[in-house]
Amino acid sequence: MNYLVTGGAGFIGANFVKYMLKKYEDINIVVLDKLTYAGNLGTIGEELKDSRVSFVKGDICNKELVENIFMNNDIDYVVNFAAESHVDRSIEDPGIFLKTNILGTQILMDVAKAHWTISKDEKGYPVYKDGKKFLQVSTDEVYGTLERDIPEGQSLVDNGQLTVENGLSLEELKDLFKNREAMPKVFGNKFFTEEKGLDPRSPYATSKTGADMLVRAYNETYHFPVNVTRCSNNYGPYHFPEKLIPLIIKNILEGKNLPVYGDGKQVRDWLYVEDHCKGIDMVINGGRLGEAYNIGGFNEEQNINIVKLTIDTVRKLVVDNGELKVKDQYKNVVKCPLEKINYDLITHVQDRLGHDARYAIDPAKTVKELGFYPETPFTVGIEKTIKWYLDNQEWVNEVVSGDYQKYYNEMYGKK
Ligand code: NAD
Ligand code: TYD
């Protein structure tokens, strides 16, 4: 199968490329990425040495470039990760979000549509080559925000509402989590289902909604073969340190304040990035055409608790067993004195404008139809993530220095 993965040098796109190469022998991937500040060729450095992967540096808004990719490769699946993805940046400067996230998606679909069309049916709808699909990686932020009816959270099973909304029985839910130490928590009685109307609040979420709806419009209007995935907040390796979790890890290691917006009681549903990649693969291979699928972590938590757990986990991982000193291997990584790695680092700062209170995905449709299960409990995922950052400081330094452009020239020059 031939994939076009846009945004494949970014956080989730790169993890997806890695996941797919490991899982499928018979796969070719063209990565198209503009290498904005968020894209880093070093992230897929190893993968670029694989003959199944090729890389094109460029903009999804560049129609001629996208045309060329389709002319030179018999693309079966487009997986569109390319986007401006940071809410705070969208508040400062929405324009580029609308351009990349909406117009870029339109251009990708127009080119794919032209290349995949073989004829027209009697009603005038295009007929496409078999097996083609455009997958739009959307977000739960398109649904807007939810109430925090249960401020301190409650066990999913005790709450019971999720079962009412989504058609997973209590028994099915218990079975889903039978291997977990603790039952996931919920912070409210309503959840995002695929049927919920889209109601975005931030410029970022609105740009993603524009794209999401355009994809649906192409399916209705041209019978264009699509799926949409709407996922909750991801975390894991290669996450650019402007988002909450990697920023907190970086600041802890440097002994800097940990900026928590407002009271820190906003709730997000955190999903380990590899579980997202699995979900996308399931939708590509089993999703019914024209459908949207939620992918969520069953893992709601308040920001403040995420930050505290991150502090606790960093301490646990770096401290030498029994001794009050940093493990030798992390001596150069942990620049903060050990006794200062505690909750005093937390600093409440001015809240984000229009800060969404709670996101909570109901992934029942994806669980039932495709067998999706968010395998990684947060305590396991955060440990893996922090360990990765501790062991990959070069990557962090590279992405924050801007030196990856030089890396690109060296790497791409050879290909
Ligand atoms: P990211 O910002 O880490 O990566 C985005 C990538 O897209 C970068 O490599 C960047 O260089 C590239 N890019 C940006 N503009 C481009 C353009 N015009 N042409 C080509 N490439 C371009 O983002 P991410 O966190 O990996 O998110 C990937 C996708 O998943 C996005 O569409 C995002 O909306 C969606 N999503 C993210 C999350 C999350 O928690 N991070 C959750 C749900 C959905
Ligand atoms: P973020 O990682 O930016 O993802 P999103 O806004 O797409 O959910 O932020 C996650 C949550 O953490 C969000 O409620 C905003 C909050 N936050 C902070 O409190 N401090 C920070 O420095 C950042 C970046 C985010």
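Residue numbers restart at each chain and count upward from 1, following the sequence in its written direction. As they are written, the chains are lettered A onward and the ligands numbered 1 onward, keeping that order. Local features in this predicted model are restricted to residues of pLDDT 70 or higher, and side-chain atom pairs are both shown and tallied only at a pLDDT of 80 or more, whereas totals for entire chains, interfaces and linings draw on every residue.

(A) Spotlight on the overall build of the protein chain. Starting at the N terminus, helices and strands are each numbered in turn, a helix being any DSSP run of H or I of at least four residues and a strand any DSSP run of E of at least two. What the protein chain contains, in helices and strands, is 16 helices and 16 strands. Relative to the globule expectation of 22 Å for 415 residues, the C-alpha radius of gyration of the protein chain, 21 Å, shows essentially globular dimensions. The burial tally for the protein chain puts 45% of its 415 residues in the buried class. What the globule rule says is 2.2 Å times the number of residues to the power 0.38, and the radius of gyration is computed from C-alpha atoms. Around each residue's C-beta, the other C-beta atoms within 10 Å are counted; 20 or more make the residue buried, 12 or fewer make it exposed, and counts in between make it partly exposed. All C-beta atoms are placed from the backbone.

(B) Representation of the pairing of strand 5 (residues 117–120). The criterion for strand pairing is that DSSP finds at least two bridges linking the strands in question. Here strand 5 runs beside strand 6 (residues 126–128); their pairing, made up of 3 bridges, is antiparallel. When the sheet's bridge partners are listed, Lys-120 is paired in strand 6 with Pro-126. In this antiparallel pair of consecutive strands, strand 5 and strand 6, the connection spans 5 residues, and Gly-124 shows a positive phi of 100°.

(C) Examining the sheet that holds strand 13 (residues 267–272) more closely. Strand order in the open sheet made by the 3 strands is 11-13-15, with mixed pairing throughout. The open sheet has two edge strands, strand 11 (233–235) and strand 15 (300–302), and neither has a second partner. The sheet shows a mean angle of 50° between the axes of neighbouring strands, direction not considered. As defined by bridge partners, strand 11 adjoins strand 13 across 3 bridges and the pair is classed as parallel. In the strand pairing of strand 13, Tyr-235 is matched with Tyr-272. Docked against the sheet, helix 11 (residues 273–286) engages strand 11 and strand 13, running at close to 75° with respect to strand 13. Each axis is a line fitted through C-alpha atoms, taken for helices only over the stretch in contact, and angles between the N-to-C directions span 0 to 180 degrees. By definition, residue pairs are in contact when their C-beta atoms, positioned from the backbone, come within 7 Å.

(D) Up close: the sheet that holds strand 2 (residues 28–33). Strand order in the open sheet made by the 7 strands is 3-2-1-4-7-10-14, with parallel pairing throughout. Bordering the open sheet on either side are strand 3 (53–57) and strand 14 (292–295), each of which pairs with just one other strand. Within the sheet, the average angular offset between the axes of one strand and its neighbour, ignoring direction, is 20°. Strands strand 7 (133–139) and strand 10 (226–231) of the sheet are contacted by helix 9 (residues 203–222), whose axis makes an angle of about 150° with strand 7.

(E) Region of interest: the nonpolar core. Formed by 102 residues in total, the largest nonpolar core has its most connected members in Val-5, Phe-16, Val-31, Val-78 and Val-79. Among the elements that line this core, the one with the most residues is helix 5 (residues 95–116), at 7 residues. Excluding anything up to four places from it in sequence, Phe-16 contacts Val-5, Val-79, Phe-81, Cys-277 and Ile-280. For our purposes the nonpolar core covers buried Ala, Val, Leu, Ile, Met, Phe, Trp, Tyr and Cys residues that link as a set through C-beta atoms within 7 Å.

(F) Seen up close, the site of ligand 2. Surrounding ligand 2, one finds Val-87, Asn-233, Lys-243, Leu-244, Leu-247, Pro-259, Val-260, Tyr-261, Gln-266, Arg-268, Asn-303 and Arg-352. When residues of the shell around ligand 2 are traced back to their parent elements, those giving at least two are helix 10 (244–254) and strand 12 (258–261). Considering each element in turn, the shell around ligand 2 owes the most residues, 3 residues, to strand 12. The C-beta atom of each residue is placed using the backbone, and any residue whose C-beta lies within 6 Å of a molecule or strand is treated as near it.

(G) Quick look at the site of ligand 1. Close to ligand 1 lie 31 residues; Gly-7, Gly-10, Ala-38, Gly-39 and Ala-83 are nearest. For the shell around ligand 1, the secondary structure elements donating two or more residues are helix 1 (11–23), strand 2, helix 5, strand 7 and strand 11. In terms of residues, the shell around ligand 1 owes the most to one element, helix 1, which gives 3 residues. Looking at the shell around ligand 1 residue by residue, the classes come out as 14 nonpolar, 12 polar and 5 charged. Classes in brief: Ala, Val, Leu, Ile, Met, Phe, Trp, Tyr, Cys and Pro nonpolar; Asp, Glu, Lys and Arg charged; the others, Gly included, polar.

(H) Local environment of the environment of Ile-280. In this fold, Ile-280 is placed in helix 11. For Ile-280 and Cys-231, which are 49 residues apart along the polypeptide, the C-alpha to C-alpha distance reads 9.5 Å. For Ile-280, the contacting residues outside a window of four places in its chain are Phe-16, Val-79, Leu-135, Val-137 and Thr-229.

(I) Spatial organisation of unusual backbone geometry. A positive phi angle, close to 55°, is found at Leu-35, a residue other than glycine. The residue Leu-35 is located in the loop between strand 2 and helix 2 (45–48) in this model. Given 19 C-beta atoms within 10 Å, Leu-35 falls into the partly exposed group. Of note in this structure, His-223 is not a glycine but carries a positive phi near 55°. Relative to the helices and strands, His-223 is located in the loop between helix 9 and strand 10. Residue classification places His-223 among the partly exposed positions, given that 17 C-beta atoms sit within 10 Å.

(J) Quick peek at the packing of helix 12 (residues 303–318) against helix 14 (residues 378–391). Packing of helix 12 against helix 14 leaves a shortest axis separation of 10 Å and a crossing angle of 60°. One finds that helix 12 runs oblique with respect to helix 14. Seen from above, helix 12 lies across helix 14 with right-handed handedness. Counted together, Leu-309, Thr-310, Thr-313, Val-314, Leu-317 and Val-318 of helix 12 and Ile-382, Glu-383, Ile-386, Lys-387 and Leu-390 of helix 14 form the full contact between these two elements. Of the residues that constitute the contact of helix 12 with helix 14, the class distribution is 7 nonpolar, 2 polar and 2 charged. By definition in this entry, angles of less than 35 degrees are roughly parallel, angles greater than 145 are roughly antiparallel, angles of 65 to 115 are roughly perpendicular, and the rest are oblique. Handedness of a crossing follows from how the near helix is turned relative to the far one, being left-handed for an anticlockwise turn of less than a right angle and right-handed for a clockwise one.

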